[in-house]
Amino acid sequence: MLDSTFKLPSPTAITESKTKYNYVVAHLPPEIATIVRDVIIQPDSTDPYSDLKTKVIEPCSESKTQEIRRLLAGESLGDRKPSELLRIMKRRAESHNIDDSLLFELFNQAMPVLVQTILVSISPITSYKAADVANRILDINSTSISTISSGSECNSSPVKERKSDMDLLRNEIKKLRKEVANLRRSRSRFRSPSSTRHVRLKS
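On a predicted model such as this, the values are computed, not experimentally measured, just so you know. (Residues numbered from 1 in each chain as written. Predicted model: local features only at pLDDT ≥ 70, side-chain atom pairs only at ≥ 80, totals over all residues. Heavy atoms only, no water.)

S.K.: How should the overall build of the chain be read in this particular structure?
M.R.: Scanning the chain from N- to C-terminus turns up 12 helices and 0 strands. Long-range pairs, those at least 24 residues apart, make up 53% of the contacts in the chain with a sequence separation of at least 6. Here the chain has roughly 14000 Å² of accessible surface; of this, 54% comes from carbon and sulfur atoms. (Helix = DSSP H or I, 4+ residues; strand = E, 2+ residues; numbered from the N terminus. Contact = heavy atoms within 4.5 Å. Areas by Shrake-Rupley, 256 points an atom, 1.4 Å probe, with all protein chains shown as cover.)

S.K.: What's the story with the environment of K81 in this structure? I'm lost.
M.R.: Here K81 shows up in the loop between α6 (64-72) and α7 (82-92). Here K81 falls in the partly exposed class, since its relative accessible area comes to 39%. Considering only alpha carbons, one finds K81 and D132, 51 residues apart in sequence, at a separation of 9.5 Å. (Buried < 20%, exposed > 50% of the residue type's maximum accessible area, 1.4 Å probe, protein only.)

S.K.: Is there a simple way to explain helix α9 (residues 113-121) in this structure?
M.R.: It helps to recall that an α-helix has 3.6 residues per turn; residues three or four apart then point in one direction. Along α9, the positions that sit buried rather than exposed are V115, I118 and L119. In a view along the axis of α9, the buried residues occupy a sector of 100 degrees, so they form one face of it. Exposed and facing more than 90 degrees away from the buried side of α9 are V113, T117 and V120. (Arc of directions from axis to C-beta.)

S.K.: I keep staring at the packing of aromatic side chains and nothing clicks. Help me out?
M.R.: Throughout the structure, instances matching the rule amount to 2 aromatic pairs. Plain terms: the ring middles of F6 and Y23 are 5.6 Å apart, the flat faces sit at 80 degrees to each other, and that makes the pair edge-to-face. Residue F6 is found in helix α1 (residues 2-7), and its partner Y23 is found in helix α2 (residues 17-27); the two are separated by 17 residues along the sequence. Geometrically, the ring pair formed by F6 and Y49 is edge-to-face, given 5.6 Å between the ring centres and 80 degrees between the ring planes. Here F6 is found in helix α1, whereas its partner Y49 is found in helix α5 (residues 48-60), with 43 residues between them in sequence. (Phe/Tyr/Trp six-rings, centres within 6.5 Å; stacked < 30°, edge-to-face > 60°.)

S.K.: Would you mind showing me how to read the environment of D44 here?
M.R.: Within the fold, D44 resides in the loop between α4 (37-41) and α5. For D44, a relative accessible area of 31% translates into the label partly exposed. Once the C-alpha coordinates of D44 and K18 are considered, the two residues, 26 residues apart in sequence, prove to be 9.5 Å apart. Here D47 takes part through its backbone nitrogen, which lies 2.7 Å from a polar atom of the side chain of D44. (Polar contact = N/O pair within 3.5 Å; in protein donor to acceptor, adjacent residues only side chain to side chain.)

S.K.: Looking at this model, I keep getting lost on the packing of α7 against helix α8 (residues 100-109). Mind explaining?
M.R.: When two helices pack together, you describe them by how their axes are tilted relative to each other and by the distance separating the axes. The interhelical angle for the contact between α7 and α8, taken along N-to-C directions, is 130 degrees, at an axis separation of 11 Å. Between α7 and α8, the angle falls in the class oblique. Two packed elements cross with a definite hand, and for α7 against α8 that hand is right-handed. Residues P82, L85, L86, M89 and K90 of α7 touch α8, and the partners they reach there are L103, L106 and F107. Partitioned by chemical class, the residues of the contact of α7 with α8 number 7 nonpolar, no polar and 1 charged. (Axes fitted to C-alpha atoms, helices over the stretch in contact; angles between N-to-C directions. Parallel < 35°, antiparallel > 145°, perpendicular 65-115°, else oblique. Left-handed = near helix turned anticlockwise from the far one by under 90°. Nonpolar A, V, L, I, M, F, W, Y, C, P; charged D, E, K, R; others polar.)

S.K.: Explanation requested: the side chain of K129 in the structure shown.
M.R.: By secondary structure assignment, the location of K129 is in helix α10 (residues 127-153). Setting aside anything within four residues of it in sequence, one finds K129 in contact with R136 and E179.

S.K.: How should I be thinking about the packing of α8 against α9 in this particular structure?
M.R.: At their nearest, the axes of α8 and α9 sit 9 Å apart, and the two run at 150 degrees to each other. Here α8 is positioned roughly antiparallel relative to α9, judged by the angle of their axes. Between α8, through F104, F107, N108 and Q109, and α9, the contact on the second element is made entirely by V115, Q116, L119 and V120.

S.K.: Help me understand the nonpolar core, please; the structure alone is not making it clear to me.
M.R.: In summary, soluble globular proteins display a tendency toward joint burial of nonpolar side chains. L72, F107, M111 and L119 are the most contacted members of the largest nonpolar core, which has 27 residues in total. The set of elements that each furnish at least two residues to this core consists of α6, α7, α8, α9, α10 and α11 (158-191). The residues contacting F107, other than those within four sequence positions of it, are P82, L85, L86, M89, L119, A130, A131 and A134. Within the second largest apolar cluster, 10 residues are counted, among which are F6, L28, V36 and L52. (Core = buried A, V, L, I, M, F, W, Y, C linked by side-chain atoms within 4.5 Å.)

S.K.: Please clarify how the side chain of S127 should be interpreted in this entry.
M.R.: Examined against the element boundaries, S127 turns out to sit in helix α10. Residue classification places S127 among the buried positions, given a relative accessible area of 0%. Separated by 2.5 Å, the side chains of S127 and D100 make a polar contact. Every residue in contact with S127, bar those within four places of it in the chain, is listed here: L86, D100, L103 and F104.

What follows is the structure, given as structure tokens:
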């Protein structure tokens, strides 16, 4: 706002750094003046306004990461599928150009503990892949609950059912880890010039 004010021709635009500095110091709220007290006592000799501006902005503004965390902190899984939650998170933060590693971290925090543990063990993993994995884990989990419930009604052994479902979950995790390993190998082959030449020669 001040930069825009200084450009107004009333009567003339303010361009001198020292004049801008004096104007800002004269209008600083006391609580901000306390924060930049050292700069006010000993202003920069070459460009006092720019130096003061930087020192005022630094402690009074949120970092981009903090802002994104605040934006997405209220999102929870609820009755939605993980892939639906991810779409909502991406839509809410689409104007912030979020790095995928940060999106994955925030998405993982909204998952049940079981899902968080499994997702962290699969590395590297994208947010989209994490949502797909979480969908499959929760599908298996919900199937386990319904199987155990129906088994109890039929006087079958819940312990056997649980063991069977855990085996199913372990197998699913093994498959997912193999998928990630295959992706990693295919990426490394694609990036390697020698591998590319070798493939071309063979073909």
